[in-house]
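A look at the structure
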Amino acid sequence: MTEKVLMSGNHVIGEAAVRAGCSFYAGYPITPQNELTEYMAGAMAKLDDGTFIQAESEIAAINMLIGASMAGARVMTSSSSPGISLKQEGISFLSALELPAVIVNCMRGGPGLGNIAPSQGDYFQATRGGGHGDYRNIVLGPASGQEICDLVTKAFDYADEYLTPVMILLDGMMGQMMEPVVFPEYRDISTLPEKTWKIDGAKGRPRRVIKSLLLDVNVEEAHNWKLVRRYEQIKDKIQMAESYKTSDAKLTVIAYGIAARIAKSAVDRAREEGIKAGLLRPVTLWPFPERSLREAASNNTEFLVYEMSTGQMIEDVRLSLNGSSRIHFHGRPGGPVSTPADIYEQIKKYYPR
Amino acid sequence: MTETIFKRPKYLKDAVFHYCPGCGHGITHRLVAEVIEELDIADRSICVPPAGCAVLAYDYFDIDVGEAAHGRGAAVATGLKRVLPDRIVFTYQGDGDMAAIGTAETIHAANRGENITTIFINNGTYGMTGGQMAPTTLVGQKSTTTPGGRDTKRDGNPLRLSEMLALLDGTIYIERVSVTSPKNIRAAKKAIKKAFQIQMDRLGYSLVEVLSPCPTNWKMSPVDSCKWIDEYMTKTFPIGVIKDNSENK
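Residues numbered from 1 in each chain as written. Chains lettered and ligands numbered in written order. Predicted model: local features only at pLDDT ≥ 70, side-chain atom pairs only at ≥ 80, totals over all residues. Heavy atoms only, no water.

**Notes on the overall build of chain B**
The helix and strand inventory of chain B stands at nine helices and nine strands. Relative to the compact-globule value of 18 Å for 249 residues, chain B shows a C-alpha radius of gyration of 17 Å, a close match. In terms of overall dimensions, chain B has a C-alpha envelope of 55 × 50 × 30 Å along the principal axes. Taken across its 249 residues, chain B has 59% of its residues classed as buried. Counting only contacts in chain B whose residues sit at least 6 apart along the sequence, the fraction spanning at least 24 positions is 70%. (Helix = DSSP H or I, 4+ residues; strand = E, 2+ residues; numbered from the N terminus. Rg over C-alpha atoms; globule rule 2.2 N^0.38 Å. Buried < 20%, exposed > 50% of the residue type's maximum accessible area, 1.4 Å probe, protein only. Contact = heavy atoms within 4.5 Å.)

Structure representation (structure tokens):
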């Protein structure tokens, strides 16, 4: 399929996953990501080896993924904020067991049951390792339909290469919005490197054990450091960010996902008014694109962090810049979405004089 | 000339069990390993051990093993089996794992008729964590969290999970056995073999509940523990076939 098609973000995730060779999906209904679960029900039924399971809970779904990933399949689940909280046990286990998996969080307003409006309140949970133990996951924050497609495709490859869960972190608006997308060809997964760790019966080889119980503290410590070495490799290799009109910016907005789309319009409007605003949009939320931030900071700009939360990513901005620049914040938690005009006002408010 | 009449089964590794003296896990492990050998399925079997005393099953079963989080065995086994429908996937779970924290995963895997086998060890206690009340602890039975004995008003009643599962259309074969005497052990092995055979014949969900002594946490001798199972535990958890739908399939 090389022609452009118009699809909602949730459907794009599903189609991109199928084309990336995903053959196992388990999920549980929750708004605003239901279209994805429904899409996968249809898509998996069309595959010879596809499995779709509507699980009894988010916990069951993520644990089904663990089994299917152990067996070597490319696997995905999706949910929205409260459901992702339930999945955290499994995400910790996937991380400890070094199992590839793609997890989609279509964020909604919270905490608690919250609402079904778009939000970015789960940034900490996603980027800090929301479950127990000392681990991180790759977190990708798409900002357009096409980028959803591209990042879902990458997510499956990253998961296999780095033996880790990869989270696609978007919000209800990205999931619902329809945009034109060009999909890649179907991936022939028989061309992928063999998973020499999978368990499929010890036929003609020594038996394999996939486990996370490491009672010997020295063994557990070594395992943790092994994961850290992999995380360092990931940090080095896959940082991604978009820089928009940043080279001469005096105030650079930092935002991700749908917030960055809104901020981009505000930056354009500010430029029309002769205000030197720019946008730096993290695409990888973990690893955080600190190199791009430092590069932007070297141009002597101030920063305005805009999030649909009370301020979570701003901590990564501060850590990356380490006191080198002035950082302002604008945030709206709980579901309301700022307009480009709102962000334009914020740019004017914080623009250095 | 000496003749070997009893030996370690082929698919039990040459390792020293960490289980306490008199514990039923060792016997049950042996039975499972013997069945795997007799059915010649070792190179296509995958074990999903629980969190609990049997978590270290991977040190003993000489086959592929994928460990599950506490209670999630049935969900992990579901994932494995759906991707690998021609492999033999079994979970080995205790009563706390299966009948408390993993009730939902267990019931729904059984209800979907997942073609997996479960070996369900019922010893009426949380062994690994030191003898707290389990969902299967008998009324009046003492545990570290029911020091005066299980009081139904405060602690609820023993949960008969196998009988509950038997009500589900997805379950094919459910039998409760014990490992308290040579006779009962032989019956237990027969049941375990049948449960695996049902999976090999692709009939659906099969489960064998094993009433298993835990002398350490029951604070009884191994002999008294077996006697206690026979005399008291079987009153709440009677042994025998609870459901067998294999002929109708």
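So that's the structure; there's more coming.
**Focus on the confidence of the model for chain B**
Averaged over all residues, the pLDDT of chain B equals 97, while 100% of them reach at least 70. Across the interfaces of the predicted complex, the ipTM metric reaches 0.97, alongside a pTM of 0.97. (pLDDT = per-residue confidence, 0-100.)

**Structural notes on the interface of chain B and chain A**
Of the residues lining the interface, 32 residues belong to chain B; the matching set on chain A comes to 33 residues. Of the roughly 2500 Å² buried between chain B and chain A on both sides combined, carbon and sulfur atoms contribute 59%. For the pair chain B and chain A, the interface holds 16 residue pairs in polar contact (both at pLDDT 80 or more). Of all elements in the fold, only β1 (45-48), β2 (64-66), α2 (73-83) and α4 (103-111) of chain B reach the threshold of two or more residues within the side of chain B that touches chain A. Among the elements that make up the side of chain B that touches chain A, the one with the highest residue count is α2 of chain B (seven residues). When its residues are assigned to classes, the side of chain B that touches chain A shows 15 nonpolar, five polar and 12 charged. In this structure, strand β9 (residues 209-210) of chain A lies alongside β2 of chain B, joined through two bridges in parallel fashion. In the sheet register, I210 of chain A faces β2 of chain B, and the bridge partner there is G66 of chain B. (Buried area = accessible area lost by both parts, 1.4 Å probe. Polar contact = N/O pair within 3.5 Å; in protein donor to acceptor, adjacent residues only side chain to side chain. Nonpolar A, V, L, I, M, F, W, Y, C, P; charged D, E, K, R; others polar. Pairing = 2+ DSSP bridges.)

**Here's the deal with the pairing of strand β14 (residues 302-307) of chain A**
Two faces belong to every sheet, and in a regular strand the side chains alternate between them. All names here are of chain A. When you tally the buried positions in β14, you get six out of six residues, the bulk of the element. With four bridges connecting them, strand β11 (residues 251-254) and β14 associate as parallel partners. Following the sheet pairing, T252 is matched in β14 by F303. Taken together, the five bridges between β14 and strand β15 (residues 327-331) define a ladder with parallel strand orientation. When the sheet's bridge partners are listed, V305 is paired in β15 with F329. Handedness of the crossover joining β14 and β15 through helix α11 (residues 313-321) is recorded here as right-handed. (Right-handed = clockwise from strand over helix to strand, strands pointing away.)

**Quick notes on the nonpolar core**
M76 and I347 of chain A are the most contacted members of the largest nonpolar core, which totals 130 residues. Residue contributions to this core peak at nine residues, all from helix α6 (residues 145-162) of chain A. In contact with M76 of chain A, not counting residues within four places along its chain, are I13, A17, C22, F24, Y25, A26, L36, M40, L65, V102, V104 and F156 of chain A. Membership of the second largest hydrophobic core comes to 40 residues, among which are Y19, L39, Y60 and F61 of chain B. (Core = buried A, V, L, I, M, F, W, Y, C linked by side-chain atoms within 4.5 Å.)

**A look at the sheet that holds strand β7 (residues 165-171) of chain A**
Reading across the sheet, the seven strands line up as β3-β2-β4-β5-β7-β6-β13 (chain A) and stay open at both edges, with mixed pairing between neighbours. The sheet is open, and its two edges are formed by β3 (51-54) and β13 (284-286) of chain A, each paired on a single side. Direction aside, the axes of adjacent strands within the sheet are offset by 20° on average. In the sheet, strand β6 (residues 138-140) of chain A pairs with β7 of chain A via three bridges, with the strands oriented parallel. Note on β7 of chain A: the bridge partner recorded for I138 of chain A is V166 of chain A. This element, helix α3 (residues 58-70) of chain A, spans β2 (22-27), β3, β4 (74-79) and β5 (101-107) of chain A of the sheet and lies at about 170° to β4 of chain A. In the packing of α2 of chain B onto the sheet, contacts are made with β2 and β3 of chain A, and the angle to β3 of chain A comes to roughly 155°. (Axes fitted to C-alpha atoms, helices over the stretch in contact; angles between N-to-C directions.)

**Structural notes on the environment of G109 of chain A**
Tracing the backbone through its elements, the reader meets G109 of chain A in the loop between β5 and α5 (123-127). If we ignore the near neighbours within four places in the chain, the residues touching G109 of chain A are G114, N115, A117, S119 and G334 of chain A.

**Some details on the domain arrangement of chain A**
All names here are of chain A. Here the domain parsing of chain A yields domain 1 (5-238) and domain 2 (241-350). A straight line from the C-alpha centre of domain 1 to that of domain 2 covers 28 Å. Between domain 1 and domain 2, the residue contacts involve 36 residues of the former and 26 residues of the latter. Here domain 1 packs against domain 2, burying approximately 2600 Å² in sum over the two surfaces, 55% of which is carbon and sulfur. Looking at the side of domain 1 facing domain 2, the largest losses of area belong to Q120, Y123 and F124, adding up to 28% of the total buried there. Where domain 1 packs against domain 2, one counts four salt bridges. Taken together, domain 1 and domain 2 are joined by 15 residue pairs in polar contact (both at pLDDT 80 or more). Elements with a minimum of two residues in the side of domain 1 that touches domain 2: α5, β6, α6, β7, α7 (172-176) and α8 (217-238). (Domains from an automatic or database assignment. Salt bridge = Lys/Arg side-chain N within 4 Å of Asp/Glu carboxyl O.)

**What to know about helix α2 (residues 34-46) of chain A**
All names here are of chain A. Over its 13 residues, α2 extends 19 Å from the first C-alpha to the last, a length consistent with the 18 Å expected when each residue adds 1.5 Å. Along α2, the residues classified as buried are N34, L36, T37, M40, A43 and M44. Buried positions along α2 lie against α1 (9-19), β2, β3, β4 and β5. (Expected span 1.5 Å × (residues − 1).)

**Some points on the packing of aromatic side chains**
The relative placement of two aromatic rings is captured by the distance of their centres and the angle of their planes. Per the counting criterion, the structure on display carries 12 aromatic pairs over all chains. Residues Y19 of chain B and Y60 of chain B carry aromatic rings whose centres are separated by 5.8 Å and whose planes lie at 50° to one another, so their mutual orientation is tilted. Placement of Y19 of chain B in the segment before α1 (25-38) and of Y60 of chain B in the loop between β1 and β2 is noted, with a sequence separation of 41 residues between them. Using a relative accessible area of 11% as the deciding quantity, one classes Y19 of chain B as buried. Judged by its relative accessible area of 3%, Y60 of chain B is buried. Their ring planes at 85° and their centres at 6.0 Å tell us that F61 of chain B and F90 of chain B sit as a pair that is edge-to-face. In this pair, F61 of chain B is assigned in the loop between β1 and β2 and F90 of chain B in strand β3 (residues 88-94), connecting sequence segments 29 residues apart. Here the two residues F61 of chain B and F90 of chain B agree in accessibility, since each one is buried. Counting every residue linked through ring pairs, the aromatic cluster contains F61, F90, Y92 and F196 of chain B. Above the face of the Y244 of chain A ring, K264 of chain A is positioned so that its terminal group lies 4.8 Å from the ring centre. (Phe/Tyr/Trp six-rings, centres within 6.5 Å; stacked < 30°, edge-to-face > 60°. Lys NZ or Arg CZ within 6 Å of the ring centre and 35° of its normal.)

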